[in-house]
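Notes for the structure review
The residues making up each chain are set out below.
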Amino acid sequence: MKARVAVLISGAGTNMAALLYAAKAADCPYELVLVASNDPDAPGLAIAEAESIPTWSLSHKGMNRDAFDALVDDQLRAANAEFVALAGYMRILSDDFVGRWAGRMLNIHPSLLPLYKGLNTHQQAIDAGDKFGGCSVHIVTPGVDDGPVLAQTPVAIVAGDSVDTLATRVRFAEHQLYPATLAAFVMRERSPDYLRGRVRELAMALPEADEVTSHGMPCFGIVKGKKFAYFTEDHHGDGKTAILVKISGADEQAALIEMDEARYYRPAYFGDGWVGIRLDLGDTDWEAIGEWLRKSWLAVAPKKLAGLMGVAEEF
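Small disclaimer: the values here were computed from a predicted structure and weren't measured.

Examining the sheet that holds strand S8 (residues 209–214)
With respect to topology, six strands assemble into an open sheet ordered S8-S9-S10-S11-S13-S12, the strand pairing being antiparallel. Each end of this open sheet is capped by a strand with a single partner; those strands are S8 and strand S12 (264–265). Bridging between strand S11 (residues 241–246) and strand S13 (residues 274–278) involves five bridges; their strand directions are antiparallel. Paired with Val 245 across the two strands is Val 275, which belongs to S13. The sheet contacts of helix H7 (residues 192–203) involve S8, strand S9 (217–222), strand S10 (227–233) and S11, and relative to S10 the element is tilted by about 170°. Helix H9 (residues 286–300) rests against S9, S10, S11, S12 and S13 of the sheet, and its axis sits at about 35° to S11.

Some thoughts on the packing of aromatic side chains
For the structure on display, the rule yields six aromatic pairs. Ring centres of Phe 270 and Trp 274 lie 5.6 Å apart, and the angle between their planes is 75°; this geometry places the pair in the edge-to-face category. Each member of the pair, Phe 270 together with Trp 274, is buried. Within the aromatic cluster, the residues linked to one another by ring pairs are Tyr 230, Phe 270 and Trp 274. A cation sits over an aromatic face here: Arg 104 above Phe 83, 5.2 Å from the ring centre. One residue, Lys 295, lies across the ring of Trp 292, its end atom 4.7 Å from the ring centre.

Notes on the pattern of salt bridges
Applying the stated criterion across every chain, the model contains 14 salt bridges. The salt bridge partner of Asp 280 is Arg 278, with a shortest N-O separation of 2.7 Å. Across this residue pair, the class does not change: Asp 280 and Arg 278 are buried. Taken together, the shared-partner salt bridges connect Asp 73, Arg 77, Asp 96 and Arg 100 into one network.

The rules behind each value
Residues numbered from 1 in each chain as written. Predicted model: local features only at pLDDT ≥ 70, side-chain atom pairs only at ≥ 80, totals over all residues. Heavy atoms only, no water. Pairing = 2+ DSSP bridges. Helix = DSSP H or I, 4+ residues; strand = E, 2+ residues; numbered from the N terminus. Contact = heavy atoms within 4.5 Å. Axes fitted to C-alpha atoms, helices over the stretch in contact; angles between N-to-C directions. Phe/Tyr/Trp six-rings, centres within 6.5 Å; stacked < 30°, edge-to-face > 60°. Buried < 20%, exposed > 50% of the residue type's maximum accessible area, 1.4 Å probe, protein only. Lys NZ or Arg CZ within 6 Å of the ring centre and 35° of its normal. Salt bridge = Lys/Arg side-chain N within 4 Å of Asp/Glu carboxyl O.

Next comes the structure, spelled out in structure tokens:
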């Protein structure tokens, strides 16, 4: 299953087109499900429409920033987008919008970040006498061009370069860098190493948690106590990457599987008191996984230790 990506543009959409054409390859791990713009006349919209990609546009002029971003968010969710790629989207995003897509929104910027955030990047690089300009793909955070950098391509500044000549070469680099970086990023969400690390971070944050290997799997328990979670990767050849957590019994297990049989399953050899939760579907809600781990920890923790959580729950 390919990751579902929405692209936001404001103009020509050349980086959007680079993502789109890369997505045509059979082995590309993502597909474009929406191209949206704050300018209904953006030329990139016509490219997307010609390639049968759904589009949406609305001018932001005269609208409150939060209100406009909420409309954009509605469109992204209606398209069932899992990731957002900013491609020449000339809008400062509201903190609320960035928060909604935290860790799932990328941007490409025409400089070697952290150098030259914002506008006029090529002129700044030339004026500074830099040997290289370039481009960067980064995760979007509330600060402008301030998120973690995922990849960069340096582009040599040639004697006599103008802003236009440098910008043209940097654009070539952007069109190479963005599709490859986006592909690697969406695959990270399905990588067992990445998923194991996320589970470990959440599990080991719980009081007196430790990690050992049991049944051939990394598992997490209370020091010198019971296990509350297992990380499973293709266990007994089932093809799943998942966590196993404690639940109340067969009724809860059956209800979860009925609610979402693609995500929840009965783990072999563990009985009715556990449920498997798939992590390799590409849309993991890590806040929910953290809550599952917390509840599972409470299910096995001694009452005195459970008091550290400030919560009393029955299973």
